[in-house]
Amino acid sequence: MPIQRFENEKNKMLWVDVTNPEKEELRELSKEYDLNTYALSDCLQPDHLPKHEDMFGTHFIITRVQTKILPQQHASIQSLSTKIAFFYRPGLLVTIHRLPHSFIQDIKEKFFDHDACQQVESIVAKMLWYILHSYEDLAVKLSNEMDEFESKVFSQNITPQMLSELYQIKRKALINKKLLLFSQEAISSVKLPENQLDVIQDARDLHQKLLHIYDQIHEDVSNLVSFYLSISAQKTNDVIKVLTIFSVFFMPLTFLVGIYGMNFEYMPELHQSWAYPTLLLFMCVISGLIYLWFRRKKWL
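Thresholds applied
- Residues numbered from 1 in each chain as written.
- Predicted model: local features only at pLDDT ≥ 70, side-chain atom pairs only at ≥ 80, totals over all residues.
- Heavy atoms only, no water.
- Helix = DSSP H or I, 4+ residues; strand = E, 2+ residues; numbered from the N terminus.
- Expected span 1.5 Å × (residues − 1).
- Bend = angle between axes of the 7 residues up to and from the residue.
- Pairing = 2+ DSSP bridges.
- Axes fitted to C-alpha atoms, helices over the stretch in contact; angles between N-to-C directions.
- Buried < 20%, exposed > 50% of the residue type's maximum accessible area, 1.4 Å probe, protein only.
- Arc of directions from axis to C-beta.
- Contact = heavy atoms within 4.5 Å.
- Parallel < 35°, antiparallel > 145°, perpendicular 65-115°, else oblique.
- Left-handed = near helix turned anticlockwise from the far one by under 90°.
- Nonpolar A, V, L, I, M, F, W, Y, C, P; charged D, E, K, R; others polar.
- Patch = residues over 30% accessible without salt bridge, like charges linked within 9 Å, V, L, I, M, F, W, Y side chains within 5 Å.
- Areas by Shrake-Rupley, 256 points an atom, 1.4 Å probe, with all protein chains shown as cover.
- Salt bridge = Lys/Arg side-chain N within 4 Å of Asp/Glu carboxyl O.
- Core = buried A, V, L, I, M, F, W, Y, C linked by side-chain atoms within 4.5 Å.

Participant: Would you explain helix 7 (residues 197-260) in this entry?
Facilitator: It helps to recall that an α-helix has 3.6 residues per turn; residues three or four apart then point in one direction. Relative to the 94 Å expected for 64 residues at 1.5 Å per residue, helix 7 spans 94 Å between its end C-alpha atoms, a close match to the ideal helical length. Approximately 35 degrees is the largest bend angle found in helix 7, and it occurs at Phe250, with the proline Pro252 only one to four residues beyond.

Participant: Hey, could you run me through the sheet that holds strand 2 (residues 13-19) in this one?
Facilitator: Adjacent strands of a sheet pair through backbone hydrogen bonds, lying either parallel or antiparallel. In spatial order, the strands read 1-2-6-5-4-3; together these six strands make up an open sheet with mixed pairing. Two strands bound the open sheet, and with one partner strand each, they are strand 1 (3-8) and strand 3 (51-55). Going across the sheet, the axis of each strand differs from the next one's by a mean of 15 degrees, ignoring polarity. Where strand 2 lies against strand 6 (residues 92-97), six bridges are found, and the strand directions are parallel. The residue bridging Val16 from the neighbouring strand is Val94, located in strand 6.

Participant: Hey, could you run me through the pairing of strand 3 in this one?
Facilitator: Of the pairings in the sheet, the one linking strand 3 to strand 4 (residues 58-66) comprises five bridges and is antiparallel in character. Note that in strand 4 the partner of Met55 across the bridge is Thr58. The antiparallel hairpin formed by strand 3 and strand 4 contains two residues in its connecting segment, where Phe56 sits at a positive phi of about 55 degrees.

Participant: I'm lost on helix 8 (residues 275-296) in this one. Help?
Facilitator: For helix 8, which comprises 22 residues, the first-to-last C-alpha distance of 31 Å matches the rise-based estimate of 32 Å (1.5 Å per residue) to within 8%. Of the residues making up helix 8, those classed as buried are Ala275, Met283, Ile286, Ser287, Ile290 and Phe294. Each buried residue of helix 8 lies within a common arc of 115 degrees when the element is viewed along its axis, so the set occupies one face. The exposed residues of helix 8 that point more than 90 degrees off its buried face are Leu281, Cys284, Leu289, Leu292 and Arg296. Contact partners of the buried residues in helix 8: helix 7. Note on helix 8: the residue one or two positions beyond its end, Lys298, has a positive phi of about 60 degrees.

Participant: Even after reading the chapter, I still don't get the packing of helix 4 (residues 102-112) against helix 5 (residues 120-154), so can you show me in this structure?
Facilitator: Any two packed helices are characterised by the angle at which their axes cross and by the distance between the axes. Across the interface, helix 4 lies against helix 5 with an axial gap of 11 Å and an inter-helix angle of 140 degrees. Our classification of the angle between helix 4 and helix 5 gives oblique. For the crossing formed where helix 4 meets helix 5, the hand is right-handed. On helix 5, the residues that touch Phe103, Ile104, Asp106, Ile107, Lys110, Phe111 and Phe112 of helix 4 are Ile123, Lys126, Met127, Tyr130 and Ile131. Taken together, the residues of the contact of helix 4 with helix 5 sort by class into nine nonpolar, no polar and three charged.

Participant: Help me understand a nonpolar patch on the surface in this model?
Facilitator: A cluster of nonpolar residues, Leu281, Val285, Leu289, Tyr291, Leu292 and Leu300, forms a patch on the protein surface that exposes about 590 Å² of accessible area. Tracing the backbone through its elements, the reader meets Tyr291 in helix 8. The class of Tyr291 is partly exposed, set by a relative accessible area of 40%.

Participant: It is not clear to me how the nonpolar core should be interpreted in this structure. Could you clarify?
Facilitator: Proteins that are soluble and globular tend to have nonpolar side chains buried together. Trp15, Phe103, Ile123 and Tyr214 are the most contacted members of the largest nonpolar core, which has 57 residues in total. Residue assignment for this core shows that the elements contributing at least two residues are strand 2, strand 4, helix 3 (77-80), strand 5 (81-89), helix 4, helix 5, helix 6 (160-189) and helix 7. With residues up to four places along the chain from it excluded, the contact list for Phe103 reads Val65, Ile84, Met127, Tyr130 and Ile131. In this structure, Leu26, Leu29, Cys43 and Leu92 belong to the second largest nonpolar core, which totals 17 residues.

Participant: Help me understand the environment of Met162, please; the structure alone is not making it clear to me.
Facilitator: Among the secondary structure elements, Met162 is positioned in helix 6. Taking C-alpha positions, Met162 is 56 Å from Lys12, a pair spaced 150 residues apart along the chain. Excluding its chain neighbours within four sequence positions, the residues that come into contact with Met162 are Phe149, Lys152, Val153, Asn157 and Tyr228.

Participant: What exactly am I supposed to notice about the pattern of salt bridges here?
Facilitator: Close approach of charged atoms allows side chains of opposite charge to pair. Scanning the entire structure with this criterion turns up seven salt bridges. Between Arg27 and Glu24 there is a salt bridge, with its nearest N and O atoms 2.7 Å apart. Of the two residues, Arg27 and Glu24 both sit in helix 1 (residues 23-33), three residues apart, roughly one turn of that helix. Judged by its relative accessible area of 42%, Arg27 falls in the partly exposed class.

This is the structure:
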């Protein structure tokens, strides 16, 4: 288990960063830094949703950072994100996560080492901003995919596979929106002095922006699916309309053919020389009348 300890003697801060810990190692952390055992056990649950708890002066936050999803991978909380846990109180910050994250080193070099953040809450606010920032790439990608789907749907260049792809976009947007909503409590819990409020305000503004984007994507997908189904229904109706027109034209003709196809011995007109052309002319008149009726009703 890689454990990194960063110390800032000037501001009297200790930052302990832990990657992929085991149960026994978490128990040692609990004893060393007086951390709640039950809260530490939550760090091992891979699908835990974001939350915040205040345990006798030590704040406990669970957040989820976006990860890259494989093209054929099913969208879920675990496939879209990974968990990062924070324990912090004045002078101490403990971060626990399963996967390594490059932004942790960035925060250390840019802010922690150069005294840009004078208290632990400022570091937490910076980390929350970086975590929220990870949601932007997927938001942009989903928005671009939606633009492509809109062009295809409105040009009526639709395929049966599109409905499944739209569902995946909707699911990704819904999962991320859910994670962002649960993260709101953690973001609101970080308290900073008035002269440092801009640090956490950046994270809050980004949070609201991302919520709006994912909400808009979810709404756009719903509208596009409705439009897709309407176009599909329209195409089906057009096919049924053509088949109905053909059936209406041939129904009376088939009726006449059925009558004269019966094997009765006494059908006087069968032995007349004018019978065959008269029947053909009668069929043409019937077809002409049906055609005029359709034109009058504006069905053709």
